[in-house]
Amino acid sequence: MTLEKILLGVVKGSIYAMLLSPLLLSADYFFPAIFPKAVYIRLLVEIALVAYIPLAWAVPKYRPQPHIIYLVLAIFAAVVFISSLSGVNFSFSFWGNYERMDGIFSWLHFWLLLVMAASVFQEKRDWQKLFSASVAIALLLAFYGFLQKWGIGQFGPVKVYDVDAQRITSTIGNPGFLAVYLLFNCALAINIIIDKVRAGVWRWSAAVSLVILFWAFLLTGIRGAWFGMLAGLAVFFVGYWFWIKTKARKIILSVFTGLFVLVLLLFSFRTSTWVSQNPFLGRRFNLSLNDSTIQTRLISWRGALSGLGDNLWLGVGPQKFDVIFNRNFDPRFYTLVGNETWWDRAHNMALEVLATMGIIGFLSYLSIGLAVLYSLWRLGKSDSEARVEALLWAGFFAAYFIQNLFVFDSTTSYLMLSLALAYIVWRTAPANQAMLLSGGTGKIYFILAVAFIAMTAVAYPTNIKLIKHNRLLLDNLARQFSQSPPATIAKYREILDLSRFDQREVVIKIGQYLGQRGLSGTMTATDLMSGYNFFIAAADKAIKANPEDVRLLLSYGNAVNVYGELMKKQDAALASKALQKAEKALLEAAALGRSRQQVFYSLANTYLIAGDSKKGIDILEAAARIHDSTPTTFWLLAFAYQQAKENDKAIVAADKALDRNYVFSAENEANPIASLYLERKDYNRLLRLYKRVAETAYTGTAQARLAALYAQMGRTEEALEAASAVIARDPSLRAQVEEFIQQVKSGVKKDFLSN
């Protein structure tokens, strides 16, 4: 076997191996559905590049040929880099984080994959084999999704996650990401069906696969992908009518008209039972503006547009939509999604690019799509036989663009997009001419050695080392409360020393750990001081490296607030110094997120811990003025008023919190206000409070308190009914409940609320 064949085999084999990445899902990693896929692909790209560099040097036919898609991608890459340099956080824009594994570094791998794939797959049969492999793997993902839908938690040695889910996620872990992956593979299956290169059995197999993949696509329940598909079909049918002169035009027009009328009818009757209750149709045609998902999308998009003026031309930098989101945060989010308000994506790729990379980035982004359409148009113009295929891809890219107006790209969609663009480049480029070797064997080995050394130097710190870092972090998160505080802190120190990748997330986890562990009362004063000294030093570095990061500043403030509260009795001066640090961080966070009520709550807590009730109340009242529909604001105000001995105001604030359906995460949250009601013997308000606690905290003891209050109020039947519900929630309380029931029935006991 010649060296050329070996190198070519390594490149092609690596690309084939990348197709397996969507199957990777491992609970051994932090962000198990994202991290393994990304690192696996990056390592394979680097392996392929080691072989491709000497191959392209030695055999010119494998070198990338000039193409308009390469040109616009190069321009886009340059704009991305410049936007990152001028943005708020170049390091984050370049490296990304564990949650997304995005960023310039990962994008470089996908851009290189595009070039290599377009250069080494030089026959139509090669591409159809690659497409067939991708479709086969997509079928495995679809089957995993079916297992989820059918509630099968174990299939042989394979554990199935997220069983009984309303929308399948497969091994990709997100229904939106799965939908676009399946959409890509549906396009590949159709490409195989319409191409006569493969034997009939392959084309029939592709047709069967298409049906299965489309079924799985429907089970994802993603409306954006659904409407993207409809838009893609419209592009195909309209293009077919105007561009392809065949006798089938009338049939095509009839099919398109029928589909259009059907969709229109379904949309018109979307509120009727036969549409809204249909498992396939209901969600896809539910486009009410009152839908919480649609509401959050609209709010996010308005925020993106509102933030455009601050960095008009180049934006705040890739991956930093959170800066814009926080600057223009709409507190209505709290009533729509609860505490899930830390959006780092616009859920609209076009608007995200516009907001994070500015007008220049947005235009260069759109130019990629225009270059693809132009290339397909030229293909169809030069070869009328290729027009159906050109329209297929034009329709698919229209579908991809439309669905991306409701979501954002992920590792799996980047992989499929890179391969699809590589195919378009190959399909629309002039045929390569075979050329002689341009150098001797010795030089090839030398270039191979240099490429290997260079890629090893890149791969070890950015991928191999990162695998260890990721697993250490997950292991420490799993063990942090079962091991001693010094052991946990030592492990976090090792994690930060090993790599600075996503240090903000590591620091946030350290702060959360110290806050929870400190409040649990299981840390000595020495461990507490040592742990917080380490945390504050690490957090200060992270804050400096991640400017304008509201979530990081808030986490810092929350953690240091706990430290200040715990140290008040032991070292008042140290506590005061800690609270000053918390105040500084939270004031900065409040300036960056002017409508972030969470930040105001923490800042108020800083003042309340310090004993400055007036400042704490002022901050909470300011939070209420930002958005008076958030129940948490009023519940915290009730505490603050009570602490300031303004009990009448505390009762009014508690009423407002309950009016707004405050949700209790733990029943002890109600204790201070409950004691105030008991002191005043305001049983009606206490009853309302206990009912809400029993509904939301949903514990046996919360229900028992409700039963006791009914008994105290002389409402015997309701007391007995409430008591019987206690056992259903907590069977361990059966003996106490039975005793309580006897006391109620006997009528001897009169005081049921005393301890």
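### Quick word on the overall build of the protein
The number of helices and strands found in the protein is 32 helices and 2 strands. For the protein, whose C-alpha radius of gyration is 30 Å, the value lies close to the compact-globule estimate of 27 Å for 755 residues. With 755 residues in all, the protein has 52% of them scored as buried. Across the protein, every contact between residues at least 6 apart in sequence was considered, and the portion connecting residues at least 24 apart equals 71%. By element, 61% of the accessible surface of the protein is carried by carbon and sulfur atoms, the whole surface being about 33600 Å². Charged side chains in the protein number 75 positive and 54 negative. The centres of these two groups are separated by 8 Å.

### As for empty space enclosed by the protein
One pass over the structure, following the stated rule, counts 2 cavities of 30 Å³ or more. Size it by volume and the largest cavity reaches roughly 80 Å³. Looking at the largest cavity, the residues that line it are L19, L130, F131, S134, F184, L188, W393, M416, L419 and A420. Elements with a minimum of two residues in the lining of the largest cavity: α6 (124-150), α7 (175-194) and α17 (411-428). When the residues that make up the lining of the largest cavity are grouped by side-chain class, the tally is 9 nonpolar, 1 polar and no charged.

### A closer look at a nonpolar patch on the surface
There is a patch of nonpolar side chains on the surface, built from F143, W150, I152, F155, V158, W215 and F280 and spanning about 630 Å² of accessible area. Along the polypeptide, W150 turns up in helix α6. The class for W150 is partly exposed, based on a relative accessible area of 49%.

### A look at the environment of F94
Mapped onto the fold, F94 is located in helix α4 (residues 90-95). Assessed through its relative accessible area of 16%, F94 is described here as buried. Between the alpha carbons of F94 and F105 there is a distance of 5.7 Å; along the sequence they are 11 residues apart. Apart from the residues lying within four places of it in its own chain, the contact partners of F94 are G103, I104 and F105.

### Quick notes on the pattern of salt bridges
Using the criterion set out here, one finds 26 salt bridges in the structure. Note that E548 and R327 form a salt bridge whose closest N and O atoms lie 2.9 Å from each other. With E548 in the loop between α21 (525-545) and α22 (550-567) and R327 in helix α13 (residues 321-327), the pair connects residues that are 221 residues apart, well separated along the chain. Residue class for E548 comes out partly exposed when judged on its relative accessible area of 24%. Several salt bridges share partner residues, and in doing so they unite E99, R100, D102, D344, R345 and E352 into one network.

### Quick notes on the nonpolar core
Ranked by size, the top nonpolar core spans 113 residues in total, and within it I15, V120, W127, Y181, F217, W393 and F397 carry the most contacts. Non-local contacts of W127, meaning those with residues more than four positions away in its chain, are made with A117, A118, F121, L419, A422, Y423 and W426. Counting 107 residues, the second largest nonpolar core, distinct from the first, contains A559, V599, I619 and A723.

### Overview of the layout of surface pockets
Its boundaries defined by the atoms lining it, the largest pocket holds a volume of some 1800 Å³. If you go around the largest pocket, you meet 43 residues; those closest to its centre are N558, Y601, S602, T632 and L636. For the lining of the largest pocket, the secondary-structure elements that each account for two or more residues are α14 (333-337), α20 (503-519), α22, α24 (597-609) and α26 (631-643). At 8 residues, the largest contribution of residues to the lining of the largest pocket is made by α22. Class assignment for the residues of the lining of the largest pocket results in 20 nonpolar, 19 polar and 4 charged.

The rules behind each value
Residues numbered from 1 in each chain as written. Predicted model: local features only at pLDDT ≥ 70, side-chain atom pairs only at ≥ 80, totals over all residues. Heavy atoms only, no water. Helix = DSSP H or I, 4+ residues; strand = E, 2+ residues; numbered from the N terminus. Rg over C-alpha atoms; globule rule 2.2 N^0.38 Å. Buried < 20%, exposed > 50% of the residue type's maximum accessible area, 1.4 Å probe, protein only. Contact = heavy atoms within 4.5 Å. Areas by Shrake-Rupley, 256 points an atom, 1.4 Å probe, with all protein chains shown as cover. Lys, Arg positive; Asp, Glu negative; His and termini not counted. Charge placed at Lys NZ, Arg CZ, Asp CG, Glu CD. 1 Å grid on protein atoms, 1.4 Å probe; cavity = no way out; pocket = protein on both sides within 12 Å on 5 of 7 lines; lining within 4 Å. Points joined across faces, edges and corners; volume = space filled by probe spheres on them. Nonpolar A, V, L, I, M, F, W, Y, C, P; charged D, E, K, R; others polar. Patch = residues over 30% accessible without salt bridge, like charges linked within 9 Å, V, L, I, M, F, W, Y side chains within 5 Å. Salt bridge = Lys/Arg side-chain N within 4 Å of Asp/Glu carboxyl O. Core = buried A, V, L, I, M, F, W, Y, C linked by side-chain atoms within 4.5 Å.

Geometry only, nothing functional implied.
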